[in-house]
Amino acid sequence: MTLTMILMFALLGAFLGLDVVSFPQAMLSRPIVASTIAGTLGGSASDGLLAGVFLEMMALETLPVGASRYPEWGTASVVGGALYVSREGDATSALLFAMLGAMITAWVGGWSMYALRRLNGRWTKRALPALEAGDASVVTWLQLRGLGADLLRGFALTALALALLVPLTTIAIAYGHGDSATIRAVLVAVAVSIAGSAAWKLSHGSRHGPWFFVGGLAIGCAMLLRP
Amino acid sequence: MENQTVRPLPFLTATRMVIRMLAVQASWNYETMLGTGIGFSVEPALRNLPGGRAGQAYHEALARETHYFNAHPYLAAVAVGALARVELDERLPPAQIERFRIALCGPLGSVGDRLVWAGWLPFTVLVALLAYGLGGGPVLVSTFFLVIYNAGHIGLRVWGLNTGWTHGKRVAGSLATPILRRGPEYLARAVMGLSGLALPLAAARILGHSEMPIADTARRTALGPHALVFLLLAIAALLGLALVKLHGRVDGWRVALLIVVLLALHSVAT
């Protein structure tokens, strides 16, 4: 991957990282979208979508509830999609290492969001006298500073992750000799179990919820069995 | 009756407020949470206070509106509308406005979390996964998701602002609307049904992409070419069951990370 490509992905990571919380929370940062856009940028939208579907299933259990600390899937999905589309070598091994890279980035991204919130807190504390005086320019400045810092966070995280992970995944793919079918099967089983358990934890308490699940599952399996 | 007497927010002011509300969490922090964002979003309306931007009333109101506030970011629109109304039209005493602000936090947080984060978001994600499982391409799947999700997202923000402005200090009653009251329950059922439907289809499509050495064997079984999918669904169900049992103690994504790390190490080591 060239430096120009890394910078382009970093710019995308910056904007999609911003969408996670700060602006506009339109869910462009959901893996199924973010990874697809990264894939398109890297030359294969369908590969980006495939990586995005895996990450989306793993991200389904993450609820972006206010003060909680959670993995940041926006920049992580850009990193995952970028790693997968820019692969050199076996596609399934590349998918495995792209998923691994994305999940580590999501973890680090969660910590970076926590750090940003602490930083916002310090800036707000420092601006308290002006806020108590009802100074509109300080209110606007705090908002813009928060947006700018989040944009920078996404850019730096994506650029650093790709700069570190592209060479590492290239080496790992070259040395990786795992059975493609097994790798893909394990990835699918893990992703489906995370998504399924997330949906169950969120919604099984609804009236007749488990029956809706069984009904959906029966229709899904019947559709698979159709000739 | 009340609605007929309320003058609407000027269009330009309302537009400014909606755009600013998209950045309501821009300076989110653990001390004031959404406070600065609420002040930022209400500010265009406060310009209409007596004396305009240079007036004492404007500065006092803006100072109040930047205090601590916590709510769901989309439903914060209800608070923004209601606070604009009480500051401009109802002219409540400052202490009463402060109490009103605090009283709004709880309901707007819990209703929003249940309706959006635990309902609308997983519902639309599962619709997108279903579209993928049924063969949708990258443009269709991602556009479909964004259009459906944001129809609800933007609709909720605009409705929230209008409702808050219309009802002012009596806005709490509007939170009992059927969509907010019953919506999470209906969405939860839809999420359950969709997860059962979409996940096997998405899994089958992913596996259909790969060349499976065991697919030939699988074709000879009673379940046909998707025997492998059913076997994996059974394994996924067991792992999922374990995650449900460990709810609150273990995060699923951490377990997934551990498994992926082990798989990667195995892949490199063999």
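Up top you'll find the structure we're talking about.
> So what's going on with the overall build of chain A? Which residues, and what values?
Looking only at helices and strands, one finds nine helices and zero strands in chain A. Counting helices and strands in the order they occur from the N terminus, chain A gives α-α-α-α-α-α-α-α-α. Projected onto the principal axes, the alpha-carbon positions of chain A cover approximately 70 × 55 × 25 Å. Counting only residues that meet the buried cut, chain A has 60% of its 227 residues in that class. Intrachain contacts of chain A at a sequence separation of at least 6 include 76% that bridge at least 24 residues. Carbon together with sulfur atoms contributes 72% to the accessible area of chain A, which is approximately 8,500 Å² in total. If you average the places of the 14 positive and of the 11 negative side-chain charges in chain A, the two averages end up 8 Å apart.

> Can you tell me about the packing of helix 3 (residues 35–46) of chain B against helix 5 (residues 76–90) of chain B, naming the residues and giving the values?
All names here are of chain B. Two elements in contact, helix 3 and helix 5, have axes whose closest approach is 9 Å; the angle formed by their N-to-C orientations is 40°. With respect to their mutual orientation, helix 3 and helix 5 come out oblique. Taken as a pair, helix 3 and helix 5 cross one another with a handedness that is right-handed. Residues Ile38, Ser41, Val42, Ala45 and Leu46 of helix 3 form the contact with helix 5, whose participating residues are Ala76, Val80, Leu83, Ala84, Glu87 and Leu88.

> I'd like to hear about the environment of Ala198 of chain B, residue by residue, with values.
All names here are of chain B. As for its position among the elements, Ala198 is in helix 8 (residues 178–209). Taking relative accessible area as the criterion, Ala198 reaches 0% and is therefore assigned buried. When the C-alpha positions of Ala198 and Ala26 are compared, they lie 34 Å apart, and in sequence the two are 172 residues distant. Sequence-distant contacts of Ala198, that is, excluding residues within four places in its chain, are made with Leu126, Leu129 and Leu130.

> For the packing of helix 3 of chain B against helix 4 (residues 56–65) of chain B, give the residues involved together with the corresponding values.
All names here are of chain B. For the pair helix 3 and helix 4, interaxial distance at closest approach is 8 Å and the crossing angle is 150°. In terms of orientation, helix 3 and helix 4 fall into the roughly antiparallel class. Note that helix 3 runs across helix 4; the crossing there is right-handed. Listed contacts from helix 4 to Gly35, Ile38, Gly39, Val42, Glu43 and Leu46 of helix 3 are Tyr58, Ala61, Leu62 and Glu65.

> Could you give me a rundown of the pattern of salt bridges, with the residues and numbers involved?
As enumerated under the stated definition, the model contains 14 salt bridges over all chains in all. For Glu61 of chain A, the salt bridge goes to Lys201 of chain A, with nearest N and O atoms at 3.5 Å. Here Lys201 of chain A lies in helix 8 (residues 180–203) and Glu61 of chain A lies in the loop between helix 3 (45–59) and helix 4 (73–85), a separation of 140 residues in the sequence. Look at Lys201 of chain A and you get buried, because its relative accessible area is 17%. Notably, a salt bridge pairs Asp89 of chain B with Arg85 of chain B, separated by 3.6 Å at the nearest N-O pair. Taken together, the positions of Asp89 of chain B and Arg85 of chain B, both in helix 5 and four residues apart, correspond to about one turn of that helix. Linked through salt bridges whose partners overlap, the residues forming this network are Arg20, Glu43, Arg47 and Arg53 of chain B.

> Which residues make up a nonpolar patch on the surface, and what are the values?
All names here are of chain A. Together, Ile104, Trp107, Val108 and Trp111 make up an exposed nonpolar region whose accessible area comes to about 390 Å². Its place among the elements puts Val108 in helix 5 (residues 91–126). Classification of Val108 as partly exposed rests on a relative accessible area of 42%.

> Can you break down the packing of aromatic side chains residue by residue, with the values?
Across all of its chains, the model carries nine aromatic pairs over all chains by this definition. On the numbers, 5.9 Å between centres and 75° between planes, the contact of Trp107 of chain A with Trp253 of chain B is edge-to-face. On the criterion of chain membership, the pair formed by Trp107 of chain A in helix 5 and Trp253 of chain B in helix 11 (residues 252–269) is interchain, its members lying in two chains. Judged by centre distance (5.9 Å) and plane angle (25°), the ring pair of Phe145 of chain B and Tyr149 of chain B falls under stacked. One end of the pair is Phe145 of chain B and the other is Tyr149 of chain B, both in helix 7 (residues 138–167) and four residues apart, which spans about a single turn. Among the aromatic residues, those joined into a cluster by ring pairs are Trp111 and Tyr114 of chain A together with Trp28 and Tyr30 of chain B. The residue whose ring lies beneath Arg205 of chain B is Tyr132 of chain B, and the NZ or CZ to ring-centre distance is 4.3 Å.

> Any chance you could break down the side chain of Ser203 of chain A for me, citing the residues and the numbers?
Inspection of the secondary structure assignment puts Ser203 of chain A in helix 8. For Ser203 of chain A, a relative accessible area of 1% puts it in the buried group. Ignoring anything within four residues of it in the chain, the contact list for Ser203 of chain A reads Ala188, Val191 and Met192 of chain B.

> Describe the interface of chain B and chain A, with residues and values.
At the interface, 96 residues of chain B touch 96 residues of chain A. Here chain B packs against chain A, burying approximately 8,200 Å² in sum over the two surfaces, 77% of which is carbon and sulfur. For the chain B face of the interface with chain A, the top three residues by lost area are Tyr30, Met192 and Trp253 of chain B, together amounting to 10%. Where chain B meets chain A, there are zero salt bridges. For the interface between chain B and chain A, the tally reads 17 residue pairs in polar contact (both at pLDDT 80 or more). Breaking the side of chain B that touches chain A down by element, the ones donating at least two residues are helix 3, helix 4, helix 6 (94–133), helix 7, helix 8, helix 10 (227–245) and helix 11 of chain B. Ranked by residue count, the leading element in the side of chain B that touches chain A is helix 8 of chain B, at 18 residues.

Reading the values: the criteria
Residues numbered from 1 in each chain as written. Chains lettered and ligands numbered in written order. Predicted model: local features only at pLDDT ≥ 70, side-chain atom pairs only at ≥ 80, totals over all residues. Heavy atoms only, no water. Helix = DSSP H or I, 4+ residues; strand = E, 2+ residues; numbered from the N terminus. Buried < 20%, exposed > 50% of the residue type's maximum accessible area, 1.4 Å probe, protein only. Contact = heavy atoms within 4.5 Å. Areas by Shrake-Rupley, 256 points an atom, 1.4 Å probe, with all protein chains shown as cover. Lys, Arg positive; Asp, Glu negative; His and termini not counted. Charge placed at Lys NZ, Arg CZ, Asp CG, Glu CD. Axes fitted to C-alpha atoms, helices over the stretch in contact; angles between N-to-C directions. Parallel < 35°, antiparallel > 145°, perpendicular 65-115°, else oblique. Left-handed = near helix turned anticlockwise from the far one by under 90°. Salt bridge = Lys/Arg side-chain N within 4 Å of Asp/Glu carboxyl O. Patch = residues over 30% accessible without salt bridge, like charges linked within 9 Å, V, L, I, M, F, W, Y side chains within 5 Å. Phe/Tyr/Trp six-rings, centres within 6.5 Å; stacked < 30°, edge-to-face > 60°. Lys NZ or Arg CZ within 6 Å of the ring centre and 35° of its normal. Buried area = accessible area lost by both parts, 1.4 Å probe. Polar contact = N/O pair within 3.5 Å; in protein donor to acceptor, adjacent residues only side chain to side chain.

Keep in mind that these numbers describe shape and distance, not what the molecule does.
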